[in-house]
Amino acid sequence: MNCRSEVLEVTVEARQVEEAMLGLLHTILLHRSTGKFHYKKEGTYSIGTVGTLDIDCDFIDFTFVRVSSEELDKVIKKAVSEFKDALSNTGSDGIGQISLEFYQKKKSRWPFSDECIPWEVWSIKVNVVNLANEQERQICREKVGEKLGEKVINVVEVINRHEYLPKMPTQSEVDNVFDTSLKDVQPYLYKITYQITDSLGTSVSTTMRRLIKDTLAL
């Protein structure tokens, strides 16, 4: 099985990191989650509904939709908070990448552990820039909102392609495909990882600052 790989890239100031990452990760998970399976007998089941919430950002002109599960939100916020803290330790400018990997388990014979086979990976490259004043921050607030809107459309377009998804499992195999630990939603099995680089490439930070200066000149 070939694993699909998608890369998104955003440039933000430090205070926008958390909201930008939550917006993108929750958008992906909204489309990679189902309601809870309720099995009647082996081979027949019903699927519960998935509630949604609109989330308005504080530091970006952007509203995103997430699954209403507070349990799932808590897990995602914890991962994003760790990523944000690691990024902040690099100083005012930094670069990092947070990845959301979907996988399925393949049972192995004892004494070997189950094999985790990835089928889709989303990597979000994050460039952090330090802005000079409140006027630049206000422009960045608007520009980042526009860019995130474009990224959400890109995510939806990719997910709507007719490509591989794990087949619906039987009751005995549901834990090989879905995370069944949450009480109100059932995302495909996933894990979140991140990487941090100490310095930001000058081309990226220069591009953002030029975009802001061009806007100021209008």
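Scroll up a little and you will see the structure.
### Observations concerning the packing of aromatic side chains
Given two aromatic rings, one states the distance between the centres and the angle between the planes to describe the pair. All told, the structure shown has 10 aromatic pairs when counted by the stated rule. Centre to centre, the rings of tryptophan 119 and tyrosine 164 are 6.3 Å apart; their planes meet at 75°, and the pair counts as edge-to-face. Here tryptophan 119, found in strand E8 (residues 115-129), pairs with tyrosine 164, found in the loop between helix H3 (134-159) and strand E9 (186-187); they are 45 residues apart in sequence, far enough to count as distant. Classification of tyrosine 164 by relative accessible area gives partly exposed; the value is 33%. Here the aromatic cluster, defined as three or more aromatic residues joined through ring pairs, consists of Phe37, Tyr39, Tyr45, Phe102, Trp119, Tyr164, Phe178 and Tyr188.

### Looking at the pattern of salt bridges
Summed over all chains, the structure comprises 17 salt bridges. A salt bridge links glutamate 18 to lysine 84, with the shortest nitrogen-to-oxygen separation between them at 3.3 Å. Residue glutamate 18 is found in helix H1 (residues 17-30), and its partner lysine 84 is found in helix H2 (residues 70-88); the two are separated by 66 residues along the sequence. The class of lysine 84 is partly exposed, set by a relative accessible area of 28%. Across the pair lysine 191 and glutamate 101 runs a salt bridge, and its minimum N-O distance is 3.9 Å. Linking lysine 191 in strand E10 (residues 190-197) with glutamate 101 in strand E7 (residues 94-106), this pair joins segments that are 90 residues apart in sequence. Each member of the salt-bridge network shares a partner with another, and the members are Arg4, Glu6, Arg32, Glu120, Arg161 and Glu163.

### So, the side chain of asparagine 176
By secondary structure assignment, the location of asparagine 176 is in the loop between H3 and E9. Residues within four places of asparagine 176 in sequence aside, it is in contact with Gln104, Lys105, Lys107 and Leu189.

### Quick notes on the sheet that holds E8
The strands making up a sheet are joined through hydrogen bonds of the backbone, oriented either antiparallel or parallel. The mixed open sheet is built from four strands, whose spatial order is E1-E8-E7-E10. Whereas interior strands pair on both sides, the edge strands pair on one side only; in this sheet they are strand E1 (4-13) and E10. Here the average twist between neighbouring strands, direction ignored, is 20°. The strands touched by H1 within the sheet are E1, E7, E8 and E10, with E7 carrying the most contacts at an inclination of about 25°. In the packing of H2 onto the sheet, contacts are made with E7, E8 and E10, and the angle to E10 comes to roughly 10°.

Here is what the cut-offs are and how they apply
- Residues numbered from 1 in each chain as written.
- Predicted model: local features only at pLDDT ≥ 70, side-chain atom pairs only at ≥ 80, totals over all residues.
- Heavy atoms only, no water.
- Phe/Tyr/Trp six-rings, centres within 6.5 Å; stacked < 30°, edge-to-face > 60°.
- Helix = DSSP H or I, 4+ residues; strand = E, 2+ residues; numbered from the N terminus.
- Buried < 20%, exposed > 50% of the residue type's maximum accessible area, 1.4 Å probe, protein only.
- Salt bridge = Lys/Arg side-chain N within 4 Å of Asp/Glu carboxyl O.
- Contact = heavy atoms within 4.5 Å.
- Pairing = 2+ DSSP bridges.
- Axes fitted to C-alpha atoms, helices over the stretch in contact; angles between N-to-C directions.

The quantities given are spatial measurements derived from coordinates; they are silent on function.
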